[in-house]
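Below are the chains, spelled out letter by letter.
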Amino acid sequence: RIIGVSNFLDVHLAQLLEDGVEVTPMLNQVEVHPFFVPNKTMDFCRRHGIAVQAYSPLGGGPGSNAARATGGAADGTKRLLEHPSVQQVAAELHRTPAQVVLRWGVERGCATVSRSSSKVRITENAGIFDFKLLPEHVERLNSLQTDDWAQKFCWDPSQIQ
């Protein structure tokens, strides 16, 4: 049997394993993008052989909890893809900002799940496996975690005991 979980933090996963779960999850689906990286959870997953699948890898768009709560002002996708650092890396690599951010997620070891209703964007988003980010690109994108706009845009599981 194979199971996956969603929005489990490292503390939730540790509790699950401590409680003697019969089947260790193979996958944990969590929000991951350059503005929000749950490092403790990702490290726990790696140590225990649990794959990390990044949802909202482009930052949680206009339908995210944060965007709805702010009347659309906290549209993470718009903020992330228009961020000067992302724009600069995309220009240097001759890629779209979305391709750069999705590639960043893959290079961090995440399976990324982006969504779009546009055939053009779906095709673009799939075109992330024929290039790599340079170390300085990764460093620039990693630094967005401390940006003024850095935040979690989707549901926050940290209040669940």
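Structure first, text after, so check above.
Quick caveat, the model's predicted, so the values are computed rather than measured.

Asker: Which residues make up the overall build of the protein chain, and what are the values?
Answerer: Tallying secondary structure elements over the protein chain gives 8 helices and 4 strands in all. When the helices and strands of the protein chain are placed in sequence order, the string is β-α-β-α-β-α-α-α-α-β-α-α. For 161 residues, the compact-globule formula gives about 15 Å, and the C-alpha radius of gyration of the protein chain, at 16 Å, lands near that figure. For the C-alpha atoms alone, the extent of the protein chain along its principal axes is close to 50 × 40 × 30 Å. In the protein chain, which comprises 161 residues, the proportion classed as buried is 42%.

Asker: Just give me the short version of the layout of surface pockets, but keep the residues and values in it.
Answerer: Here the largest pocket is characterised by a volume of approximately 610 Å³. Along the walls of the largest pocket sit 24 residues, with L58, G61, T77, R115 and S116 positioned nearest its centre. With 3 residues, the single largest contributor to the lining of the largest pocket is helix α7 (residues 119-126). A class-by-class count of the residues in the lining of the largest pocket yields 9 nonpolar, 12 polar and 3 charged.

Asker: I'd like a description of the side chain of D75, backed by residues and values.
Answerer: Relative to the assigned elements, D75 resides in the loop between α3 (65-69) and α4 (76-81). Buried charge without a salt bridge: D75, with K78 as the nearest opposite-charge side chain at an N-O distance of 6.8 Å. If we skip the residues at most four places from it in the chain, D75 touches G60, G61, P62 and A67.

Asker: Got a sec to walk through helix α6 (residues 97-107)? Specific residues and values, please.
Answerer: The element α6 is extensively covered by neighbouring structure, given that 8 of its 11 residues are classed as buried. Of the residues making up α6, those classed as buried are A98, Q99, V100, V101, L102, R103, W104 and G105. Considering only its buried residues, α6 is in contact with α4, α5 (84-93), β4 (110-113), α7 and α8 (135-142). At the exit of α6 stands G109, carrying a positive phi of roughly 95 degrees.

Asker: Please provide a residue-by-residue account of the sheet that holds strand β3 (residues 51-55), values included.
Answerer: Across a sheet, paired strands are connected by hydrogen bonds in the backbone, their directions being either parallel or antiparallel. Ordered by their spatial adjacency, 4 strands build an open sheet running β1-β2-β3-β4, and the pairing between neighbours is parallel. Edge strands, defined here as strands with exactly one partner in the open sheet, are β1 (4-6) and β4. Going across the sheet, the axis of each strand differs from the next one's by a mean of 25 degrees, ignoring polarity. The pairing of strand β2 (residues 27-31) with β3 spans 5 bridges and is parallel.

Asker: Please provide a residue-by-residue account of unusual backbone geometry, values included.
Answerer: Even without being glycine, N7 reaches a positive phi, approximately 65 degrees. Mapped onto the elements, N7 comes out in the loop between β1 and α1 (10-18). Classification of N7 by relative accessible area gives buried; the value is 14%. Although it is not a glycine, H94 sits at a positive phi angle of roughly 55 degrees.

Asker: Hey, could you go over the nonpolar core for me, with residue numbers and the actual values?
Answerer: Counting 34 residues, the largest nonpolar core has V32, V52, V100, L133 and L141 as its most contacted members. Residue assignment for this core shows that the elements contributing at least two residues are α1, α2 (39-47), β3, α4, α5 and α6. Looking at this core, the element that brings in the most residues is α6, giving 5 residues. Look past the residues within four positions of V100 in its chain and what remains in contact with it is V89, A90, L93, R95, F131, L133 and L141.

Here is what the cut-offs are and how they apply
- Residues numbered from 1 in each chain as written.
- Predicted model: local features only at pLDDT ≥ 70, side-chain atom pairs only at ≥ 80, totals over all residues.
- Heavy atoms only, no water.
- Helix = DSSP H or I, 4+ residues; strand = E, 2+ residues; numbered from the N terminus.
- Rg over C-alpha atoms; globule rule 2.2 N^0.38 Å.
- Buried < 20%, exposed > 50% of the residue type's maximum accessible area, 1.4 Å probe, protein only.
- 1 Å grid on protein atoms, 1.4 Å probe; cavity = no way out; pocket = protein on both sides within 12 Å on 5 of 7 lines; lining within 4 Å.
- Points joined across faces, edges and corners; volume = space filled by probe spheres on them.
- Nonpolar A, V, L, I, M, F, W, Y, C, P; charged D, E, K, R; others polar.
- Lys, Arg positive; Asp, Glu negative; His and termini not counted.
- Salt bridge = Lys/Arg side-chain N within 4 Å of Asp/Glu carboxyl O.
- Contact = heavy atoms within 4.5 Å.
- Pairing = 2+ DSSP bridges.
- Axes fitted to C-alpha atoms, helices over the stretch in contact; angles between N-to-C directions.
- Core = buried A, V, L, I, M, F, W, Y, C linked by side-chain atoms within 4.5 Å.

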